[in-house]
Amino acid sequence: ETTLTPDDFLVPLFVTEGKGIKEEIPSMPNYFRLSLDNLEKEVKELWKMGLCSVLLFVKVDDKLKDNKGTEALNPNGLMQRAVKTVKNACPQMLVMTDVALDPFSSYGHDGIVAEGQILNDETAELLAEMSVSHAKAGADFVAPSDMMDGRIFEMRTLLEDEGHHDVGIMSYSAKYASAFYGPFRDALDSAPVDLKDVPKDKKTYQMDYANREEAIKETMMDVDEGADIVMVKPGLCYLDIVRDIKNAVNIPVSVYQVSGEYAMIKAAAEKGWLDHDAVVLEQTYAIKRAGADLIASYFAKDVVKLIS
């Protein structure tokens, strides 16, 4: 009843400054931060494997971070150069870009911080500008992972006003305040900082994992505001949400199999407690069976090798 192909996958890629860099992420064995020259090599390899969509994230130097994520709008910033690198190396590769402030924020939050709170509306305006910057660099889709209310409308409106009618939006519509994100934050050095007057976590804007109906409400709002694809994040613990949303919308549904899910399988397999390949396939098939049209997964290359 359920089949997997390379077209089902988005490949998350972590990009860092420098040259000749391919550094393994300690909490994500066999996954790497790549400098632009190695990013070029990686996307060419992915294309040969039939993997034709990438989702880009950047690790920004601390000295470039501030509360408003100013560096995110730099036309020669790392994200903008990463998009151009992928497009130059592989013009037909579909490029999606992460749109959120946390990699650029001195506080590690997805929004602007003021007096102990996250400023929703001001952040949404900034995210719209960020989306246009990525579109100008050549992104096919922008992927807001922030969970600010109303940001899809702001982004769609500004993209249209600036003439980027063909740039799509993949919205992280049901992104839960999950404990499974730890290794990802290690990869980008983007965890919230522990300071007075700074929220200690992201629970004021990411979703409560006890909630189900809220996920449908949040997703339908994003669809109404102009999202082209909606996402559920994380994966395995939220397959009921995937099915609910798949039944509720008539646009593609994506799922992010997140860093913690990846790290747990790697750790258990290293101990000899699980059969790595069997569990990877079982989990991936389960995500597809639940209703995912697209799966962002650090196992994408592994799965393609296995199903081939």
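Residues numbered from 1 in each chain as written. Predicted model: local features only at pLDDT ≥ 70, side-chain atom pairs only at ≥ 80, totals over all residues. Heavy atoms only, no water.

Asks: I'm lost on the overall build of the chain in this one. Help?
Replies: For the chain, the count of helices and strands is 10 helices and 12 strands. Taking 308 residues into account, the globule formula puts the C-alpha radius of gyration at 19 Å, and the chain, at 18 Å, falls close to it. Summarising its shape, the C-alpha atoms of the chain cover approximately 50 × 45 × 40 Å along the three principal directions. Expressed as a percentage of its 308 residues, the buried residues of the chain come to 57%. Across the chain, every contact between residues at least 6 apart in sequence was considered, and the portion connecting residues at least 24 apart equals 74%. (Helix = DSSP H or I, 4+ residues; strand = E, 2+ residues; numbered from the N terminus. Rg over C-alpha atoms; globule rule 2.2 N^0.38 Å. Buried < 20%, exposed > 50% of the residue type's maximum accessible area, 1.4 Å probe, protein only. Contact = heavy atoms within 4.5 Å.)

Asks: In this structure, what is going on with the side chain of Asn-38? I would like to understand it.
Replies: Looking at the element boundaries, Asn-38 is found in helix 1 (residues 36-48). Residue Asn-38 is classed as buried on the basis of its relative accessible area, which comes to 14%. Asn-38 has contacts with Gly-20, Ile-21 and Lys-22, leaving out every residue within four places of it along the chain.

Asks: What should I look at first to understand the pattern of salt bridges in this one?
Replies: Two side chains that carry opposite charge are able to pair once their charged atoms sit near each other. Overall, the coordinates contain 18 salt bridges when judged by the stated rule. As a salt-bridge pair, Arg-33 and Glu-23 come within 3.2 Å of each other at their nearest N and O atoms. Highlighted residues: Arg-33 in strand 3 (residues 28-34) and Glu-23 in strand 2 (residues 22-25), separated in sequence by 10 residues. Among the salt bridges present, the one from Asp-146 reaches Arg-151, with a minimum N-O distance of 3.0 Å. A relative accessible area of 0% places Asp-146 in the buried class. Overall, Arg-151 belongs to the buried group, its relative accessible area being 2%. (Salt bridge = Lys/Arg side-chain N within 4 Å of Asp/Glu carboxyl O.)

Asks: Would you mind showing me how to read the pairing of strand 9 (residues 168-175) here?
Replies: It is a general feature of regular strands that their side chains alternate between the two faces of the sheet. In terms of residue burial, strand 9 counts as a mostly covered element, since eight of its eight residues are buried. With two bridges joining them, strand 8 (residues 141-144) and strand 9 adopt parallel strand pairing. Paired with Phe-141 across the bridge in strand 9 is Gly-168. On the question of chirality, the crossover connecting strand 8 to the parallel strand 9 by way of helix 4 (residues 151-161) is right-handed. Pairing of strand 9 with strand 10 (residues 229-233) involves five bridges; the strand directions are parallel. Residue pairing across strands places Tyr-172 opposite Met-231, the latter belonging to strand 10. (Pairing = 2+ DSSP bridges. Right-handed = clockwise from strand over helix to strand, strands pointing away.)

Asks: Is there a simple way to explain a negative patch on the surface in this structure?
Replies: Taken together, the side chains of Asp-121, Glu-122, Glu-125, Glu-129, Asp-149 and Glu-154 define an acidic patch exposed on the protein surface. Broken down by element, the residue count for the negative patch peaks at four residues, all from helix 3 (residues 120-137). Overall, the relative accessible area of 53% leaves Asp-121 in the exposed class. (Patch = residues over 30% accessible without salt bridge, like charges linked within 9 Å, V, L, I, M, F, W, Y side chains within 5 Å. Areas by Shrake-Rupley, 256 points an atom, 1.4 Å probe, with all protein chains shown as cover. Lys, Arg positive; Asp, Glu negative; His and termini not counted. Charge placed at Lys NZ, Arg CZ, Asp CG, Glu CD.)

Asks: Would you mind showing me how to read the packing of helix 1 against helix 2 (residues 78-89) here?
Replies: Each pair of packed helices gets described by two things: the angle between the helix axes and the distance between those axes. Relative orientation of the contacting elements helix 1 and helix 2 amounts to 40°, with a least axis distance of 9 Å. With respect to helix 2, the element helix 1 is oriented oblique. Where helix 1 crosses over helix 2, the handedness of that crossing is right-handed. Across the interface between the two elements, Leu-36, Leu-39, Glu-40, Val-43 and Lys-44 from helix 1 touch Leu-78, Arg-81, Ala-82, Thr-85, Val-86 and Ala-89 from helix 2. (Axes fitted to C-alpha atoms, helices over the stretch in contact; angles between N-to-C directions. Parallel < 35°, antiparallel > 145°, perpendicular 65-115°, else oblique. Left-handed = near helix turned anticlockwise from the far one by under 90°.)

Asks: Where do I start with the nonpolar core in this structure?
Replies: The tendency in soluble globular proteins is for nonpolar side chains to be buried side by side. In terms of nonpolar packing, the biggest core is built from 99 residues, with Val-54, Leu-56 and Tyr-256 touching the most fellow members. In terms of residue count, helix 3 provides more of this core than any other element does, seven residues in total. Residues contacting Leu-56, with those up to four places away along its chain left out, are Leu-13, Leu-39, Met-79, Ala-82, Val-83, Val-86, Val-95, Met-96, Thr-97 and Asp-98. (Core = buried A, V, L, I, M, F, W, Y, C linked by side-chain atoms within 4.5 Å.)

Asks: Hey, could you run me through the packing of aromatic side chains in this one?
Replies: Any pair of aromatic rings gets described here by the distance separating the centres and the angle formed by the planes. Evaluation of the coordinates by the stated rule reveals 11 aromatic pairs. For the ring pair Phe-14 and Phe-57, a centre distance of 5.9 Å and an interplane angle of 50° mean the geometry is tilted. In this pair, Phe-14 sits in strand 1 (residues 9-15) while Phe-57 sits in strand 4 (residues 53-58), placing the two residues 43 residues apart along the sequence. Ring geometry for Tyr-262 and Tyr-298: centres 5.8 Å apart, planes at 70°, overall edge-to-face. Residue Tyr-262 is located in helix 8 (residues 259-270), and its partner Tyr-298 is located in the loop between strand 12 (294-297) and helix 10 (300-307); the two are separated by 36 residues in the primary sequence. Judged by its relative accessible area of 2%, Tyr-262 falls in the buried class. Members of the aromatic cluster, joined through ring pairs, are Phe-14, Tyr-31, Phe-57, Tyr-172, Tyr-256, Tyr-262, Tyr-298 and Phe-299. (Phe/Tyr/Trp six-rings, centres within 6.5 Å; stacked < 30°, edge-to-face > 60°.)

Asks: Just to check I follow, could you spell out a nonpolar patch on the surface for this structure?
Replies: A contiguous nonpolar patch, built from Tyr-285, Leu-306 and Ile-307 and spanning about 210 Å² of accessible area, is present on the exposed surface. Along the chain, Leu-306 turns up in helix 10. The exposure class of Leu-306 is partly exposed, given its relative accessible area of 34%.

Asks: Whenever I open this one, the side chain of Asp-98 confuses me. Can you help?
Replies: Relative to the assigned elements, Asp-98 resides in strand 5 (residues 94-99). Although Asp-98 lies buried, it forms no salt bridge, and the closest oppositely charged side chain, Lys-175, sits 6.4 Å away as judged by the N-O distance. Polar contacts involving the side chain of Asp-98 include one to the side chain of Ser-145, which spans 2.6 Å. Look past the residues within four positions of Asp-98 in its chain and what remains in contact with it is Leu-55, Leu-56, Phe-57, Met-79, Pro-103, Met-130, His-134, Ala-143, Ser-145 and Tyr-172. (Polar contact = N/O pair within 3.5 Å; in protein donor to acceptor, adjacent residues only side chain to side chain.)

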